[in-house]
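# Report on the structure
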Amino acid sequence: AQTVTQSQPEMSVQEAETVTLSCTYDTSENNYYLFWYKQPPSRQMILVIRQEAYKQQNATENRFSVNFQKAAKSFSLKISDSQLGDTAMYFCAFPLFGAGNMLTFGGGTRLMVKP
Amino acid sequence: GAVVSQHPSWVICKSGTSVKIECRSLDFQATTMFWYRQFPKQSLMLMATSNEGSKATYEQGVEKDKFLINHASLTLSTLTVTSAHPEDSSFYICSATLGTEAFFGQGTRLTVV
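Read on for an overview of the structure. Since this is a predicted model, take the numbers as computed values, not measurements.

### Section: a nonpolar patch on the surface
- On the surface, Trp 10, Ile 12 and Val 113 of chain B cluster together into a nonpolar patch covering about 370 Å² of accessible area.
- Along the chain, Val 113 of chain B turns up in the segment after strand S11 (108–112).

This is how it looks when you write it as structure tokens:
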């Protein structure tokens, strides 16, 4: 069974600074994807970034980047130049192929960006 | 990106009544949709997998007679909470996958009084 663990229930960061959210997972698969989703107060789930396991290069999307360590099964999200609009719940997610890409979510990290 | 629309956004119902929540993929076909439940400050918990033209697959601990799922077309899945009780009050979210990416509805906040 796949598991996804986020060990930081809550974090805070000053505006314009950098913060890293941790995620570890367990799987027996070799090829897979990993995702970070953001859930702002509106509660709409928004895809932040995704990583393909067969790619060694870490994914980057503007201010968001990941540190993907396949051997360690670690997938952290770095947010640079934090903005007030980054305040949200962040979920690490792992899809189960062969089950319609059903997502297994981590417990979430509540990020507060302070002015 | 693809759009998944969920309706209603919020609903208040009396205890003992039934409530139907719709999830539509607006610009793509989805043979599989997922229904999640989210308690305050917690993660999304998968309730069931909705399969077009066949029975839904429920996660352990989810009562299939209480949470009826119908996926009658490639763009619509419905979740009906039957004989709702206050403990069913929660936030319900649906999703559908296109390629490798999941797209989520806006969610439905259900309050049972």
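### A closer look at the pairing of strand S1 (residues 4–7) of chain B
Residues and elements named next belong to chain B.
- Here S1 shows a buried face lined by Val 4 and Gln 6 and an unburied face lined by Ser 5 and His 7.
- Both S1 and strand S3 (residues 19–25) contribute to a ladder of four bridges, which runs antiparallel. Of the residues in S3, the one forming a bridge with Gln 6 is Cys 23.

### Notes on the pairing of strand S8 (residues 64–69) of chain A
Residues and elements named next belong to chain A.
- In this sheet, S8 lies alongside strand S7 (residues 60–61) in antiparallel orientation, the contact comprising two bridges. For Glu 61, the partnering residue across the bridge sits in S8 and is Phe 64.
- Between the end of S7 and the start of S8, which pair antiparallel, lie two residues, with Asn 62 showing a positive phi angle near 55 degrees.
- Sheet topology note: the S8/strand S9 (residues 74–79) ladder contains six bridges and is antiparallel. Paired with Phe 64 across the strands is Ile 79, a residue of S9.
- The hairpin formed by S8 and S9 contains four residues between the paired strands, and Lys 73 there has a positive phi angle of roughly 55 degrees.

### Overview of the side chain of Ser 25 of chain B
- Tracing the chain through its elements places Ser 25 of chain B in strand S3.
- Reaching out from Ser 25 of chain B, the side chain makes a polar contact with the backbone oxygen of Phe 28 of chain B at a distance of 2.7 Å.

### Observations concerning the sheet that holds strand S8 (residues 76–81) of chain B
Residue and element names in this part refer to chain B.
- As summarised here, the arrangement of the four strands in space is S1-S3-S8-S7, forming an open sheet in which the pairing is antiparallel. Where the open sheet ends on each side, the last strands, each with one partner, are S1 and strand S7 (67–73). Strand after strand, the sheet turns through a mean of 15 degrees between neighbouring axes, direction not considered.
- Pairing between S3 and S8: six bridges, direction antiparallel. Bridge assignment links Arg 24 to a residue of S8, and that residue is Leu 76.

### Quick notes on the pattern of salt bridges
Residues and elements named next belong to chain A.
- Here the structure, examined in full by the defined rule, presents six salt bridges over all chains.
- Among the ionic pairs, Lys 73 bridges to Asp 26, the shortest N-O distance being 3.3 Å. In this pair, Lys 73 sits in the loop between S8 and S9 while Asp 26 sits in strand S4 (residues 24–26), placing the two residues 47 residues apart along the sequence.
- Judged by its relative accessible area of 26%, Lys 73 is partly exposed.
- The class of Asp 26 is partly exposed, set by a relative accessible area of 38%.
- Across the pair Glu 52 and Lys 55 runs a salt bridge, and its minimum N-O distance is 2.9 Å.
- Owing to a relative accessible area of 12%, Glu 52 belongs among the buried residues under this scheme.
- Judged by relative accessible area, which is 40%, Lys 55 ranks as partly exposed.
- Put simply, Arg 50, Glu 52 and Lys 55 are held in one network by salt bridges that share partners.

Analysis parameters
Residue numbers run consecutively from 1 along every chain, following the written order of its sequence. Whichever chain is written first becomes A and whichever ligand is written first becomes 1, with later ones labelled in order. Side-chain atom pairs in this predicted model are given and counted only at pLDDT of 80 or more, local residue features only at pLDDT of at least 70, and totals for whole chains, interfaces and linings cover all residues. Only hydrogens and water are set aside; all other atoms, that is, all heavy atoms of the structure, feed into the side-chain values. Two joining distances apply to patches: 9 Å for like charges and 5 Å for nonpolar side chains (Val, Leu, Ile, Met, Phe, Trp, Tyr), and every residue must have over 30% relative accessible area and no salt bridge. For the accessible areas, the method is Shrake-Rupley and the probe is 1.4 Å, while residue cover comes only from the protein chains on display. The salt bridge definition used is simple: a Lys or Arg side-chain nitrogen within 4 Å of an Asp or Glu carboxyl oxygen. Numbered from the N terminus, helices here are DSSP runs of H or I no shorter than four residues, and strands are runs of E no shorter than two. The cut-offs for exposure are 20% and 50% of the maximum accessible area for each residue type, with area from a 1.4 Å probe on protein chains only; residues under the lower value are buried, those over the upper are exposed, and the others partly exposed. Strand pairing requires that DSSP identify at least two bridges connecting the strands. Distance and chemistry together define a polar contact, namely a pair of N or O atoms within 3.5 Å, with one atom able to donate a hydrogen and the other to accept it when in protein, and with adjacent residues in sequence counting only for side-chain atoms on both sides. Between the N-to-C directions of two axes lies an angle of 0 to 180 degrees, each axis being a line fitted to C-alpha atoms and, for a helix, fitted only over the stretch in contact.

That's the geometry; what it means functionally is another story.
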